Structure formats: C-alpha cells, structure tokens
Amino acid sequence: MGAYDVLLVTVTSVETQALYAAIQKVNGGGIPKTFRQGTRIYHDLGTVNEASLVHTQCQMGTGGRGAALQAIEQSIQAVSPGCVIMVGIAFGMNPKKQKIGGVLVSEQLHFYEPEKIKKDGATISRGSKSDATGWLVQIFQALKAQGCEETIDVGLVLSGEKLIDNLEFRDRLKEVEPEAIGGEMEGAGLYAACQDNKVDWILVKGICDWADGNKSRNKQARQEQAAASAAQVVVKALTLIPFKRPEVAAPRPFESNLRTGRGTFFGRENTIEQIGKWALSGETGVLCLHGPGGVGKTRLAEEAGYALREEFDLIWLVSFEALKPDTATGQQVASTIALALGAENVDEAAKDLPQFVKSKGEHALLILDNFESADNTETQKWLAEFAQSGIRCL
C-alpha cells in the first residue's frame with residue numbers, strides 16, 4: 001500500500017467504533033477497506049479534507065506484544081504516515097473543573113513509571129517529559145479557541161502501564177505533576193515509536209473516569225461518551241486545516257565531472273575544511289588556490305569538491321589551459337564554461353551564463369582549473385561580476 005497522510009490508532013472496540021462513526025459522518029464512507037501488511041491489520045478510512053486516513057488498533061499499554069510501541073513502529077514501516085494521532089479514552093484529574101466527555105490533548109507527555117524508591121520507601125519520579133509535535137498542538141489549540149461543542153484541555157498528560165482506579169495513587173501522581181490534566185496507558189509507546197522514526201504525533205483522548213475507585217460506575221456509557229467526544233474533536237481538527245502533506249519535489253540528482261576513485265588522499269585536511277567553510281558561507285563567491293605548477297592544486301580542488309557533494313547539486317571542473325593571459329577576454333571565459341557544461345549553442349549560453357549554469361544545477365560550484373592561463377584585469381573583473389550570481393567559483 002502507498003503512504004497515508006494520517007495514521008489513527010485506537011486501543012478498544014469502543015474507541016474504534018466511535019472513530020469510524022465520526023469519520024463516516026463527514027466523508028460518507030461505508031465499511032472501511034481492510035488490508036493486511038506484515039503482521040498487522042489496517043483499515044482504509046478514505047479521506048477527510050483531502051488527507052488520506054488509515055487506522056489500526058493496538059493492545060492496551062506501551063510494552064508487550066501488539067501494544068502501542070510495537071504496533072505503531074510496525075505501522076510506520078508499513079504505511080509511512082505523515083503523522084500519527086492516538087485517539088481514545090483516558091482518566092481526568094479534576095472532577096470539579098473537568099467533566100466526563102471532556103477531551104484531553106497532549107501538549108506534553110510525562111512517563112510516570114520510572115522512579116527511584118528510597119530507603120524509607122519514599123519515591124522520586126525519574127520519568128521524562130516529551131513534547132508533542134508543535135503544529136499538531138497548534139491545530140487543537142486553534143480548535144479550542146474557536147469554540148466547539150466538546151470541552152478541550154491542552155496540556156500535560158501522564159502515561160504509564162498501570163490501569164489506575166485508586167484515588168490515593170492518582171493524587172500521588174498529581175503531587176508529582178500538579179499541572180497534569182489526565183492520564184492513560186499508551187502515550188509512551190506512541191512517543192517512542194514516532195520519535196525514533198521522525199514522524200509527527202499527538203494524543204487525543206476523552207475523559208471516561210477519574211481513576212478514583214469508581215471506574216465501574218456507568219462504565220459502558222461513560223466510555224462511549226468519552227470515545228465519541230475524542231473522535232469528534234479529531235475529525236473537527238482534520239476539517240479545520242488540511243493534514244495532507246505537501247508534495248515534495250524529487251531532489252535534483254547530483255551532477256559532477258570530478259575524477260573520483262583515484263586512491264586515498266592524505267594530508268591537507270585543514271585546507272579542504274577551510275574550502276568547505278568558504279563554499280557554504282556568505283562570503284565572496286571566488287576563492288583562489290595559489291601555488292606553482294605540479295604541487296597538486298587541481299587534485300586538492302577536486303577532493304574539496306567531492307567533500308561538498310551533498311551540499312551542491314552541480315560541481316563541475318572547467319579547464320582554461322587553452323587560453324592565454326595576454327589575449328583572454330571575459331567572453332572567452334564565459335564560452336569556455338558554457339562549452340564545458342555541454343551547451344548546444346555556446347554563444348547563447350554565454351550571454352546569460354548564470355542562468356545557463358543554474359539550469360544545470362541551482363546550487364552550483366565551478367572549479368576553474370588552470371585559470372592562470374586566462375588571468376588578466378578584464379577576466380578578473382568578469383569573474384567578480386559573475387560570482388555575484390551566487391555561483392561559487394574555486
């Protein structure tokens with residue numbers, strides 16, 4: 001299967017059903033197309049606001065077979081998502097300020113499991129905090145600012161392997177992280193998988209209980225309400241701004257006529273480094289290597305050019321050995337470069353040489369070999385003006 005713009009991840013069937021219902025209400029899709037990739041099952045949910053959506057359901061928690069870390073890692077490899085959104089249910093921290101069905105959006109995650117247990121039994125949290133992807137957080141903040149039917153809290157969400165239904169334990173977590181807006185069990189795996197694969201991510205979950213010992217009270221109804229709220233908020237975010245990733249033009253292939261594979265080059269590393277710094281700086285576009293004939297200036301220039309192959313899309317060596325300094329002109333220099341670069345009409349190419357060179361490579365470095373054969377006052381002036389175009393000349 002091809003790459004998808006958004007991977008949606010749920011844990012329970014309640015979460016999955018709520019997600020499907022919310023998306024189908026917007027895009028009118030029917031039964032999702034189900035397919036297998038590797039050892040996982042995926043569901044193509046069509047598009048919302050031009051963004052292609054795919055869903056997978058993982059097991060509860062972060063670690064373990066089929067849990068969030070493994071499932072999302074495998075999914076990233078299988079469907080290459082532009083971003084991952086985990087949507088589902090969680091517990092809230094403050095029943096006086098929050099409500100069942102309110103939606104938590106992770107600006108940060110705090111992994112509360114790692115902790116130090118002191119001799120006296122006291123504990124010190126050693127868990128880390130991780131920021132969700134900025135542009136995704138901003139979308140949900142904008143959705144909250146615009147106002148919507150669902151209550152949205154954007155902030156720090158706790159994540160750990162425990163299914164918490166104990167008021168004392170919840171309050172202990174609150175002491176460690178007073179700013180926490182809620183907690184859940186899969187966020188740590190979401191973060192780890194996406195961080196390792198450089199994929200954008202965010203967690204969006206509805207409040208279904210308070211982790212206070214009353215989780216079983218109206219459990220089914222509360223979970224359905226929370227899952228529906230989270231799904232609705234995710235769909236509203238998808239319709240607020242396109243999640244479709246921009247088309248990225250294929251990089252221009254690197255072009256060069258440098259002679260490589262000529263054996264190991266020892267010494268002059270400092271000089272090569274200095275040339276590299278100049279080539280990537282905003283300093284003058286011309287750098288001259290001086291020295292008597294036969295000392296290896298050409299080889300040095302080629303090695304420096306080869307070291308810069310990932311920074312330029314065109315590096316070309318042009319020989320001026322056929323010119324003579326007492327008769328060389330700027331027009332001859334331009335024609336020599338155009339001819340070396342394969343111009344079909346050398347005179348036309350030489351008239352606007354910067355444009356012609358950039359048609360071959362937008363970011364170009366020219367190695368002007370044996371330029372002493374063309375060096376005089378006129379050609380120096382021409383070269384200085386030519387380098388103003390941004391084309392680097394060594």
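Right above here is the structure, for reference.
Please read all numbers here as calculations on a predicted model, not as lab measurements.

J.: Can you walk me through the environment of G66 in this structure?
T.: If you trace the backbone, G66 turns up in the loop between β4 (51-57) and α2 (68-79). For G66 and V11, which are 55 residues apart along the polypeptide, the C-alpha to C-alpha distance reads 10 Å. Beyond its immediate sequence surroundings of up to four residues, G66 is in contact with R40, C58, Q59 and A71.

J.: Just checking my understanding: could you explain the side chain of H43 for this structure?
T.: Tracing the backbone through its elements, the reader meets H43 in strand β3 (residues 40-48). Among the polar contacts made by the side chain of H43, one reaches the side chain of T34 at a distance of 3.0 Å. Not counting the four nearest positions on each side in its chain, H43 is found in contact with Y20, P32, K33, T34, F35, L53, V54 and H55.

J.: Sorry, what's going on with the side chain of T56 here?
T.: Position of T56 among the secondary structure elements: in strand β4. On the basis of relative accessibility, which here comes to 1%, the residue T56 falls in the buried class. At 3.2 Å, the side chain of T56 forms a polar contact with the side chain of R40. Side-chain polar atoms of T56 contact the backbone oxygen of I41, separated by 3.0 Å. Excluding its chain neighbours within four sequence positions, the residues that come into contact with T56 are L7, L8, V9, T10, R40, I41, Y42 and S75.

J.: Sorry, what's going on with the nonpolar core here?
T.: Note that soluble globular proteins tend to have their nonpolar side chains buried in a common cluster. In terms of nonpolar packing, the biggest core is built from 71 residues, with L8, L53, I72, I202, V204 and F243 touching the most fellow members. Examining the composition of this core, we find that 9 residues originate from one element, helix α6 (residues 219-240), more than from any other. Ignoring sequence-local partners within four residues, the contact set of V204 consists of I85, M86, V87, G88, V103, L104, V105, F140, A230, V233 and V234. Listed in part, the 28 residues of the second largest apolar core include L314, A328, I337 and A364.

J.: Looking at this structure, I do not really get the packing of helix α9 (residues 330-340) against helix α11 (residues 353-360). What am I missing?
T.: The interhelical angle for the contact between α9 and α11, taken along N-to-C directions, is 20°, at an axis separation of 11 Å. As judged from the angle between their axes, α9 and α11 are roughly parallel. For the pair α9 and α11, the crossing hand works out as left-handed. Across from A334, I337 and A338 in α9, the residues of α11 making contact are L353, F356 and V357. Looking at the contact of α9 with α11, its residues break down into 6 nonpolar, no polar and no charged.

J.: Hey, could you run me through helix α3 (residues 134-146) in this one?
T.: Each α-helix winds once per 3.6 residues, and so residues spaced three or four apart point in a common direction. Between the first and last C-alpha of α3 there are 18 Å, a value that for 13 residues agrees with the 18 Å anticipated at 1.5 Å per step. Within the sequence span of α3, burial applies to L136, V137, I139, F140 and L143. When α3 is viewed along its axis, its buried side chains cluster within an angular range of 155° and face the same direction. Facing away from the buried side of α3 by more than 90 degrees, the exposed set consists of Q138, A145 and Q146. The elements touched by buried residues of α3 are β5 (83-92), β6 (103-111), β10 (152-159), β12 (200-209) and α6. Phi turns positive one or two residues past the end of α3, at G147, with a value near 85°.

Quick notes on the rules
- Residues numbered from 1 in each chain as written.
- Predicted model: local features only at pLDDT ≥ 70, side-chain atom pairs only at ≥ 80, totals over all residues.
- Heavy atoms only, no water.
- Helix = DSSP H or I, 4+ residues; strand = E, 2+ residues; numbered from the N terminus.
- Contact = heavy atoms within 4.5 Å.
- Polar contact = N/O pair within 3.5 Å; in protein donor to acceptor, adjacent residues only side chain to side chain.
- Buried < 20%, exposed > 50% of the residue type's maximum accessible area, 1.4 Å probe, protein only.
- Core = buried A, V, L, I, M, F, W, Y, C linked by side-chain atoms within 4.5 Å.
- Axes fitted to C-alpha atoms, helices over the stretch in contact; angles between N-to-C directions.
- Parallel < 35°, antiparallel > 145°, perpendicular 65-115°, else oblique.
- Left-handed = near helix turned anticlockwise from the far one by under 90°.
- Nonpolar A, V, L, I, M, F, W, Y, C, P; charged D, E, K, R; others polar.
- Expected span 1.5 Å × (residues − 1).
- Arc of directions from axis to C-beta.

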